[in-house]
Amino acid sequence: MIKEIVYRLNKELPATVKLVAVSKFHPFEAIQEAYEAGQRIFAESRPQELLAKVKRLEELRAERGEDYMSGIQWHFIGHLQTNKLKMVLPYVSLVQSVDSERLLNAIQTWGAANGKVIPVLLEPHVAAEETKQGFAPEEVYEILQKSSEYDYIRFCGLMGMATFTDDESVVRADFAALRSIYDNCRERFDSLAADFNEFSIGMSDDYPLAISYGSTMVRIGSMIFGERG
Ligand SMILES: *Cc1c(COP(=O)(O)O)cnc(C)c1O
């Protein structure tokens, strides 16, 4: 079942759109199954759970050889507390959910101390009710204006979420707002544009719409793995 859906999604998605399989709350076996269908990018939203899965893979590699499940990549997509960075940053190829300047500064400090440049997406908030996390659009521009101060951060684009609603017009308005922030970033900060080319929008319920707004990366969980337990 997992395999069939991964095959189907890969057939359906345009070549410009990467599939990120959101494996949070699902066991490692589910990741193995998706991997066997060719899936390589997996996303987790809790540091503890990410670390447990990374460790599980290390154990399996010790048993079965270093090449076991080679090429797998982990993304982080949840709220990241600054005291949890060491559980996440050594293992991920992208932190999609940078939602505050405080977090960004902590990642920069960790990167400098550990000699690792961390690729990130900034998360603006546009959805009506979720005003607690994420940047206002102006804050995104202010950060990119001083991006050269963040020499251990690679700004790779934006991640966004639409309002949780069945009303398609609201979802469209949110995606359009995110799209215009993304376009503004690329226009205003053209020195970044070579790196700044990911626009991560779209989940199980709204990914076709997200693609019509130019998504380069869809984050799909329940459609692949089933409802979370
Ligand atoms: C859980 C989650 C997803 C996946 O949601 P589904 O509706 O299960 O596809 C995508 N993005 C973020 C940030 C999430 O937390």
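Residues numbered from 1 in each chain as written. Predicted model: local features only at pLDDT ≥ 70, side-chain atom pairs only at ≥ 80, totals over all residues. Heavy atoms only, no water.

## Some remarks on the overall build of the protein
Assigned secondary structure in the protein consists of nine helices and eight strands. Taken over the C-alpha trace, the protein has a radius of gyration of 17 Å; the compact-globule value for 229 residues is 17 Å, and the two agree within 12%. For the protein, the spread of C-alpha atoms along the principal axes amounts to about 50 × 45 × 30 Å. Burial status across the protein gives 51% buried among its 229 residues. Sequence-distant contacts, at least 24 apart, represent 64% of the contacts inside the protein between residues at least 6 apart. Surface exposure of the protein reaches about 11,000 Å², of which carbon and sulfur atoms provide 48%. (Helix = DSSP H or I, 4+ residues; strand = E, 2+ residues; numbered from the N terminus. Rg over C-alpha atoms; globule rule 2.2 N^0.38 Å. Buried < 20%, exposed > 50% of the residue type's maximum accessible area, 1.4 Å probe, protein only. Contact = heavy atoms within 4.5 Å. Areas by Shrake-Rupley, 256 points an atom, 1.4 Å probe, with all protein chains shown as cover.)

## Remarks on the site of the ligand
Lining the immediate environment of the ligand, one finds Val22, Lys24, Ile77, Met159, Met161, Met203, Ser204, Arg219, Ile220, Gly221, Ser222 and Arg228. Within the side chain of Lys24, one N or O atom sits 2.7 Å away from an oxygen atom of the ligand. A distance of 2.8 Å separates an oxygen atom of the ligand from a polar atom in the backbone of Ser222. The protein chains hide 91% of the 390 Å² of surface that the ligand would expose on its own. Taken together, the residues of the shell around the ligand sort by class into six nonpolar, three polar and three charged. (Near = heavy atom within 4 Å. Polar contact = N/O pair within 3.5 Å; in protein donor to acceptor, adjacent residues only side chain to side chain. Nonpolar A, V, L, I, M, F, W, Y, C, P; charged D, E, K, R; others polar.)

## Regarding the packing of helix H1 (residues 2-12) against helix H2 (residues 28-36)
Geometry of a packed helix pair, given as the angle between the helix axes and the separation of the axes. It is the contact of H1 with H2, at a shortest axis distance of 8 Å, that shows an interaxial angle of 45 degrees. The angle between the axes of H1 and H2 places the two elements in the oblique class. In terms of crossing hand, the pair formed by H1 and H2 is right-handed. On the side of H1, the interface is formed by Ile2, Lys3, Val6 and Tyr7, while H2 contributes Ala30, Glu33, Ala34 and Glu36. Among the residues forming the contact of H1 with H2, the class breakdown is five nonpolar, no polar and three charged. (Axes fitted to C-alpha atoms, helices over the stretch in contact; angles between N-to-C directions. Parallel < 35°, antiparallel > 145°, perpendicular 65-115°, else oblique. Left-handed = near helix turned anticlockwise from the far one by under 90°.)

## A few points about the side chain of Lys24
By the secondary structure assignment, Lys24 is in the loop between strand S1 (18-22) and H2. This buried residue, Lys24, is left without a salt bridge; Glu44 holds the nearest opposite charge, at 8.6 Å. Other than its neighbours up to four places away in sequence, Lys24 contacts Ala43, Glu44, Ser45, Glu49, Lys53 and Arg228. (Lys, Arg positive; Asp, Glu negative; His and termini not counted. Salt bridge = Lys/Arg side-chain N within 4 Å of Asp/Glu carboxyl O.)

## Comments concerning the pattern of salt bridges
For the structure on display, the rule yields nine salt bridges. With its nearest N and O atoms 2.4 Å apart, the salt bridge here joins Lys18 to Glu198. Residue Lys18 is found in strand S1, and its partner Glu198 is found in strand S7 (residues 198-200); the two are separated by 180 residues along the sequence. Classification of Lys18 as partly exposed rests on a relative accessible area of 34%. Residue Glu198 is classed as buried on the basis of its relative accessible area, which comes to 11%. Of the charged contacts, one joins Glu168 and Arg172 as a salt bridge, the two residues approaching to 2.8 Å between their closest N and O atoms. One end of the pair is Glu168 and the other is Arg172, both in helix H7 (residues 168-188) and four residues apart, which spans about a single turn. The exposure class assigned to Arg172 is partly exposed, which follows from its relative accessible area of 33%. Linked through salt bridges whose partners overlap, the residues forming this network are Glu44, Glu49 and Lys53.

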